[in-house]
Amino acid sequence: MLIRRIFRPTLLNRFFLIPFYSLIVSCTTTPPPYEEITRSSYVIEEAQEDGAQTHAPLELRQAHQTLEKAQQALKDERYEEARNLASVAEIEAELAKSKTEAIKNKQAAEDIQESILVLKQESLRYQSVKQ
Amino acid sequence: MKPIMMTAKLTFVCSLIFLLSACATQPHQDIVKAEILVRSVQNDPIIAEKAPVALREAEESLSALKALESEGGDESALQSMAYKTQLRTQIAQYKADSAVAKEIITKAQAERKNIQLEARTMEADLRARQAQEAQKKAEQALRESEEARQKAEDLARQLTELQAQATDRGMVLTLGDVLFDYNKADINEGGLRILTKLVEFLEKYPERNVLIEGHTDSTGSDSYNQTLSEKRAEAVKVALNHQGIHPSRINAVGYGKTYPIASNDTELGKQQNRRVEIILSDEHGVIKSR
């Protein structure tokens, strides 16, 4: 009964709680961004596996550099900056990845169209031989 | 109110407007650029169709940037957000490129499959036709060889029936003396029976001609024997002609006693020498002359 009375949602109680809220909020925004950094490293790895080294080397290097900056910021306990840099690195890696895929797909499309051309020519020659 | 005051007030308002407009253009160049980029990808129908997710991400990024700007976020945060928005528009462009290329690939694969199928069908058709032709040819060859064999067999059998003998001049059929009436050129019934078989043979092999040679023994004068041999040969020719063999295929000559095949000293030998020889030509109608 006593506890209930203390925490009864009166206007006064709410005012008392404000400092706690702000404490909680500040705590949640400043933890070290391990997860963000891990995720951007993972996307960079994916881009490399796709062949970004060949097809989007500049974009890949940019993502690497940003990730390194993020890791440095993490080391220096500049967590907010580290988190932001990590998210930038992730998008940069995504760019490298999507560019790589676009180039590869275009190349594949050209290859198959080329092979169809060859097939058609063969087919024509075959028909002329047949007649 | 004095005009000077009016002017002062106007100047103040103008400078205020100028200041405000300066404030309005204050937003970072990067933000403007990001917005232009997002608008341009929004206006691209291919990106809207092929990369809707990436486009939405770019739009959301722009919204976040605008929100940050209106909240008065700090310079570095704004710059970073603007940069991310620009990256998002590039990603949307690449994703659309990928989707377009993939569509081309899918269509091309289907087309390639069709072409290959067509080619295989054509090849199979050709093979089948070639096989058919080869078989037809083989059958034809077999039939021809069978026919040739049959023909040769028939010929051999017929010749055997005729009791013809192979000599270096060809097949020779000999009508003995007993098939003619004594000292005459008339063929008796036995002789006619043999000639009937010969006619059958000549009808069957129209390319073959005959040479009829009359021979006698040495009894009697040369002129008698010559005449008898000629008459007997001629009689055979007439008989053949009667039975339908064209005279152009028949040559009749008499040699008298010139070519005996046995001794004229004995009665048996003489009988053997009195004969008519019928020489069959080769398949070209040619007969070696004596």
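Residues numbered from 1 in each chain as written. Chains lettered and ligands numbered in written order. Predicted model: local features only at pLDDT ≥ 70, side-chain atom pairs only at ≥ 80, totals over all residues. Heavy atoms only, no water.

Along chain A, the regular secondary structure elements total six helices and zero strands. In chain A, the succession of α and β elements from N to C terminus is α-α-α-α-α-α. A buried classification covers 31% of the 131 residues belonging to chain A. Taking contacts inside chain A between residues at least 6 apart in sequence as the whole, the part at least 24 apart equals 69%. Carbon and sulfur atoms form 59% of the exposed surface of chain A, whose accessible area is close to 9200 Å². (Helix = DSSP H or I, 4+ residues; strand = E, 2+ residues; numbered from the N terminus. Buried < 20%, exposed > 50% of the residue type's maximum accessible area, 1.4 Å probe, protein only. Contact = heavy atoms within 4.5 Å. Areas by Shrake-Rupley, 256 points an atom, 1.4 Å probe, with all protein chains shown as cover.)

All right, on to helix α7 (residues 222–242) of chain B then. Residue and element names in this part refer to chain B. Helix length check: α7, at 21 residues, gives a terminal C-alpha distance of 30 Å against a target of 30 Å (1.5 Å per residue), a fit within 8%. All of the buried residues along α7 are Asn225, Leu228, Ser229, Arg232, Ala233, Ala235, Val236, Lys237, Ala239 and Leu240. Downstream of α7 by a residue or two, Gly244 has a phi angle that is positive, lying close to 105°. (Expected span 1.5 Å × (residues − 1).)

Another point: the environment of Asn264 of chain B. Residues and elements named next belong to chain B. Mapped onto the secondary structure, Asn264 falls in the loop between β4 (250–254) and α8 (267–273). Apart from the residues within four sequence positions on either side, Asn264 is in contact with Asp217, Ser218, Lys270 and Asn273. Side-chain polar atoms of Asn264 contact the side chain of Ser218, separated by 3.4 Å. (Polar contact = N/O pair within 3.5 Å; in protein donor to acceptor, adjacent residues only side chain to side chain.)

What follows covers the nonpolar core. Of all hydrophobic cores here, the largest spans 28 residues; its most connected members are Leu195, Leu198, Val236, Leu240 and Ile278 of chain B. Broken down by secondary-structure element, the contributors of at least two residues to this core are α5 (75–161), β2 (170–176), α6 (189–204), β3 (210–215), α7 and β5 (275–280) of chain B. When residues no more than four places from it in sequence are discounted, the contact partners of Leu198 of chain B are Leu162, Leu173, Leu240, Ile278 and Leu280 of chain B. Of all hydrophobic cores here, the second largest spans 18 residues; its members include Leu60, Ala70, Ala82 and Ala86 of chain A. (Core = buried A, V, L, I, M, F, W, Y, C linked by side-chain atoms within 4.5 Å.)

Should the pLDDT be low somewhere, the predicted coordinates at that spot are not to be read in detail. Mean pLDDT over chain B works out to 86, with 91% of the residues at or above the 70 mark. Per-element mean pLDDT across chain B ranges from 55 in helix α1 (residues 3–25) of chain B up to 95 in helix α4 (residues 52–71) of chain B. (pLDDT = per-residue confidence, 0-100.)

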